[in-house]
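Here's the letter readout for the chains.
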Amino acid sequence: MFNQKKSLHYSDIRPLKWIPVSEPNLSGKEKEYVMDCIESGWISSKGKYIELFEKSVSNYVGSRYAISVCNGTCALHLALLSIGVGNGDEVIVPSFTYVASANAVRYTGALAVFVDCEKDTFNLDVNSLESYISPRTKAIVAVHLYGHPCDMDKILSIAKKHNLYVIEDAAEAFGSEYKGKKIGTIADIGVYSFFGNKTITTGEGGMVVTNNRVFAEKAYLLKTQGVSSNKQYFFEVMGYNYRMTNIEAAIGLAQMENIDDFINKKRKIAASYSSKLSAIRGLKLPIEKSYAKNTYWMYSIVVEDEFGMSRDRLIDTLMKAGIETRPFFYPCHRLPFYDNLKVKLPVCEEISKRGINLPSSTKITEADIDYVANAIENAYRK
Ligand SMILES: *Cc1c(COP(=O)(O)O)cnc(C)c1O
């Protein structure tokens, strides 16, 4: 069912024009701060940039605690461990997400229970959520996909009713808002990713944020190998080395100095695409619910039958014009190691085959957006 053929690759065609689906924007003080690390010798996981970066993130999102880690997957793993998820527990996760949201649950020994997603936001389907809750359910992972926040009030009220924790996977939605509050800070604990294609990047990197001191202390202890804070070289628990380096934090701090520009640019890109593509029939464009500020991490469209060309052919057609795109995620419940063919989650199975992420880097020009929109319109007319 999901035997999508391998798409054309850049190296197969070497087009004259090349618009990447995503590209980091390192035009601020990144180089200066990294050079400072190298010249001062503080290149490992100690040094002033770690704390500066953590402070800058916690101030920006409005969380009491921010714990930097080496990537977003580790951040999810720590968040789950910090709230006490482990063997024998069940955690509800949307199937339509990046695989790390589910894998982190499995790392703890808990079972990932998959739910379907909403047609319009692609986020977990709040209406069916409750039917997946069992006596073993411990937590819900709310993934804010492609920049659009989940409907947090509804999720939190279901969680409260059943006494469950809620973790926000805000890897793709740094800076997005739910009713005026930065996502990641609305539930019990939240995580961000700073991979190279995310809204801000540190190369590889991630952050756990929370207002709960107990969770924050546990996340910090586990991140630093479980080492005691008062007995030298004594280990309280079996922990991990999930530390971020000073160099990564230096890049992150420089990125944070441009965060408002990045988000304004993402929103402008989305507005441009939407105004240019809205006349084309058979394309579903991203939305912004009344409760949301969407940061449009990746401008994401769904190709319907009326468009007249399949999603996969459109991807190849755009690639031939030098436009890199990305197909939507495969639903996690259909991946070989989660393989559960009995589970039917029709909405995500359908949009997974029809969705495309368009080039959305903050470095994209208005002319490039025009070029992409025209290429899609030409494909439609053919
Ligand atoms: C990127 C991402 C992650 C994982 O982040 P890494 O830094 O790549 O480990 C987790 N969840 C979602 C939804 C993501 O997009």
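Residues numbered from 1 in each chain as written. Predicted model: local features only at pLDDT ≥ 70, side-chain atom pairs only at ≥ 80, totals over all residues. Heavy atoms only, no water.

Trainee: Even after reading the chapter, I still don't get the packing of aromatic side chains, so can you show me in this structure?
Mentor: Aromatic ring pairs are defined here through the distance separating the ring centres and the angle between the ring planes. Applying the stated rule across the entire model yields 23 aromatic pairs. With a centroid separation of 6.5 Å and an interplanar angle of 20°, the aromatic rings of Tyr146 and Trp297 are classed as stacked. Within this pair, whereas Tyr146 is found in the loop between strand E4 (137–143) and helix H7 (152–162), its partner Trp297 is found in the loop between strand E11 (292–293) and strand E12 (300–303), the two being separated by 151 residues in sequence. Accessibility classification places Tyr146 together with Trp297 in one group, the buried group. Summarising the aromatic geometry, the rings of Tyr146 and Phe329 are spaced 5.7 Å apart at their centres and angled 15° between planes, so their arrangement reads as stacked. (Phe/Tyr/Trp six-rings, centres within 6.5 Å; stacked < 30°, edge-to-face > 60°. Helix = DSSP H or I, 4+ residues; strand = E, 2+ residues; numbered from the N terminus. Buried < 20%, exposed > 50% of the residue type's maximum accessible area, 1.4 Å probe, protein only.)

Trainee: Help me out: how do you make sense of the site of the ligand in this one?
Mentor: Near the ligand, the surroundings consist of 15 residues, among which Gly72, Thr73, Glu172, Ser193 and Lys198 are the closest. Gly72 is positioned such that a nitrogen or oxygen atom in its backbone is 2.8 Å from an oxygen atom of the ligand. Thr73 places a side-chain nitrogen or oxygen 2.5 Å from an oxygen atom of the ligand. When isolated, the ligand has an accessible area of 380 Å², and the protein chains bury 94% of it. Contributions of two or more residues to the shell around the ligand are made by helix H4 (72–82) and helix H5 (100–107). Looking at which element gives the most residues to the shell around the ligand, the answer is H4, with 3 residues. Of the residues assigned to the shell around the ligand, the class counts are 5 nonpolar, 7 polar and 3 charged. (Near = heavy atom within 4 Å. Polar contact = N/O pair within 3.5 Å; in protein donor to acceptor, adjacent residues only side chain to side chain. Areas by Shrake-Rupley, 256 points an atom, 1.4 Å probe, with all protein chains shown as cover. Nonpolar A, V, L, I, M, F, W, Y, C, P; charged D, E, K, R; others polar.)

Trainee: What is the right way to look at the packing of H4 against helix H8 (residues 213–223) in this model?
Mentor: Any two packed helices are characterised by the angle at which their axes cross and by the distance between the axes. Two numbers describe how H4 lies on H8: the axes approach to 9 Å, and their chain directions differ by 125°. Judged by the inter-axis angle, H4 sits oblique to H8. Considering how the two elements wind past one another, H4 and H8 form a crossing that is right-handed. Contacts from Leu78, Leu81 and Ser82 of H4 reach H8 at Phe215, Lys218, Ala219, Leu222 and Lys223. Classifying every residue of the contact of H4 with H8 by side-chain character gives 5 nonpolar, 1 polar and 2 charged. (Axes fitted to C-alpha atoms, helices over the stretch in contact; angles between N-to-C directions. Parallel < 35°, antiparallel > 145°, perpendicular 65-115°, else oblique. Left-handed = near helix turned anticlockwise from the far one by under 90°. Contact = heavy atoms within 4.5 Å.)

Everything listed here is a matter of coordinates, which is why it stays silent on function.
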